[in-house]
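# Observations on chain architecture
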Amino acid sequence: MIRPVRKAVFPVGGMGTRFLPATKAMPKEMLPVVDKPLIQYAVEEAQAAGIDEFIFVTGRGKTAIENHFDRSTELEALLAEKEKDDALHELLGSMPKAGQVCYTRQMDPLGLGHAVWCARNLVGNEPFAVLLADDLIQAGTACLKQMVDAYNDVGGNMVALMDVPHEHTSRYGIVAPGQVEGRLTEVNGLVEKPKPADAPSDQAVVGRYILQPEVFQHLAGQQKGAGGEIQLTDALARMIGGAPFHGYRFEGTRFDCGDKVGFLEANLAFALEREDLRDGVTSFIKKLGL
């Protein structure tokens, strides 16, 4: 029996040093793409996939995220008074319901695997999703929704996959691929940030996961990997050979919003997708002669 995915974990404890000074007092997950913070895109993607429990693994200085997913009665009253119905609808449209959101602290920044492990008591003994807000994916059907639909057929563990230039394999977790069926690729191995000469493929894991709770057993040892951090990829590699394990080649475009160029690309792409912004942005691009 394939158990449904109801919970999602959002690791948001990172410092965001690549965006200083903007992130000195503001969490990097609150950086806006057009007019919406990165973390809201991630939550809305989870909602589109049927998730109804949202677990945030935070750190110091992340209270802005908690405030963002809370009611602001004064602001709501002001918008209603001024009859700004569209803005009020936008404000409340993706707000999780009372009791759907919880927070836990990653007291030390020990890596993604450690952040996921910190959510173990809130996840419990059921499958769950992990979404990294830095990886913003523009897609007609939400990336996690695509993955959940595929998971409901095959079960097990699943990671989102995309091809990367061979010289960039040292930036990602890389899979050793097996049998391919449609958008699903059997995962026979996983290596975190291998040198190009050692990479088993050019297929990289990006920030969307569907995991079985057994991963917490593999993370409990707190073994450090690449970069001296507790890597989620290493724990996943130890799970291969048990439950089914697949990579899913999603339809859509991924933007690395942990990188300044990727963040700017995302703003441009999402602005061009908006009818109210497309003409103005296109006109500006033409003025630049690009």
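Refer to the structure presented above.
No experiment lies behind these values; they were computed from the predicted model shown. (Residues numbered from 1 in each chain as written. Predicted model: local features only at pLDDT ≥ 70, side-chain atom pairs only at ≥ 80, totals over all residues. Heavy atoms only, no water.)

### Digging into empty space enclosed by the protein
Picture a little ball the size of a water molecule; that probe, rolled over the atoms, points out where space is still empty. Put simply, the test is: Method remark: on a 1 Å grid restricted to protein atoms, a set of points is classed as a cavity if a 1.4 Å probe fits but cannot get out and as a pocket if it is open with protein on both sides within 12 Å along at least five of seven lines; lining residues have an atom within 4 Å of a point. Grid points are joined across faces, edges and corners, and a volume is the space filled by probe spheres set on the points. Residues are grouped as follows: Ala, Val, Leu, Ile, Met, Phe, Trp, Tyr, Cys and Pro are nonpolar; Asp, Glu, Lys and Arg are charged; every other residue, Gly included, is polar.
Inspection of every chain in the model, using the stated rule, returns 1 cavity of 30 Å³ or more. Approximately 30 Å³ is the volume attributed to the largest cavity. Surrounding the largest cavity, His 218, Leu 219, Gln 223, Ile 230, Gln 231, Asp 234 and Arg 238 form its lining. Grouping the constituent residues of the lining of the largest cavity by class yields 2 nonpolar, 3 polar and 2 charged.

### Points about the packing of aromatic side chains
How we decide: In this scheme Phe, Tyr and Trp rings, the latter by its six-membered ring, pair at centre separations within 6.5 Å, and the angle between planes marks the pair as stacked below 30 degrees, edge-to-face above 60, and tilted otherwise. Numbering goes from the N terminus for both helices and strands, where a helix is a DSSP run of H or I of at least four residues and a strand is a run of E of at least two. Burial status follows relative accessibility: with a 1.4 Å probe on protein chains alone, a residue under 20% of its type maximum counts as buried, one over 50% as exposed, and anything between as partly exposed. A ring is considered to have a charge above it if a Lys NZ or an Arg CZ atom is located within 6 Å of its centre and within 35 degrees of its normal.
All told, the structure shown has 8 aromatic pairs when counted by the stated rule. Between Phe 10 and Phe 54 the ring centres are 6.4 Å apart and the planes differ by 25°, which places this aromatic pair in the stacked class. A residue pair is termed long-range when its members are at least 10 positions apart, and Phe 10 in strand 1 (residues 7-11) and Phe 54 in strand 4 (residues 53-58) qualify at 44 residues. Residue Phe 10 is classed as buried on the basis of its relative accessible area of 0%. Under the relative-accessibility criterion, Phe 54 is labelled buried at 1%. For the ring pair Phe 255 and Phe 270, a centre distance of 6.2 Å and an interplane angle of 65° mean the geometry is edge-to-face. Residue Phe 255 is located in strand 13 (residues 253-256), and its partner Phe 270 is located in helix 10 (residues 260-272); the two are separated by 15 residues in the primary sequence. Here the basic side chain of Lys 36 rests over the ring of Tyr 41, its NZ or CZ set 4.9 Å away from the ring centre. Above the face of the Trp 117 ring, Arg 120 is positioned so that its terminal group lies 3.6 Å from the ring centre.

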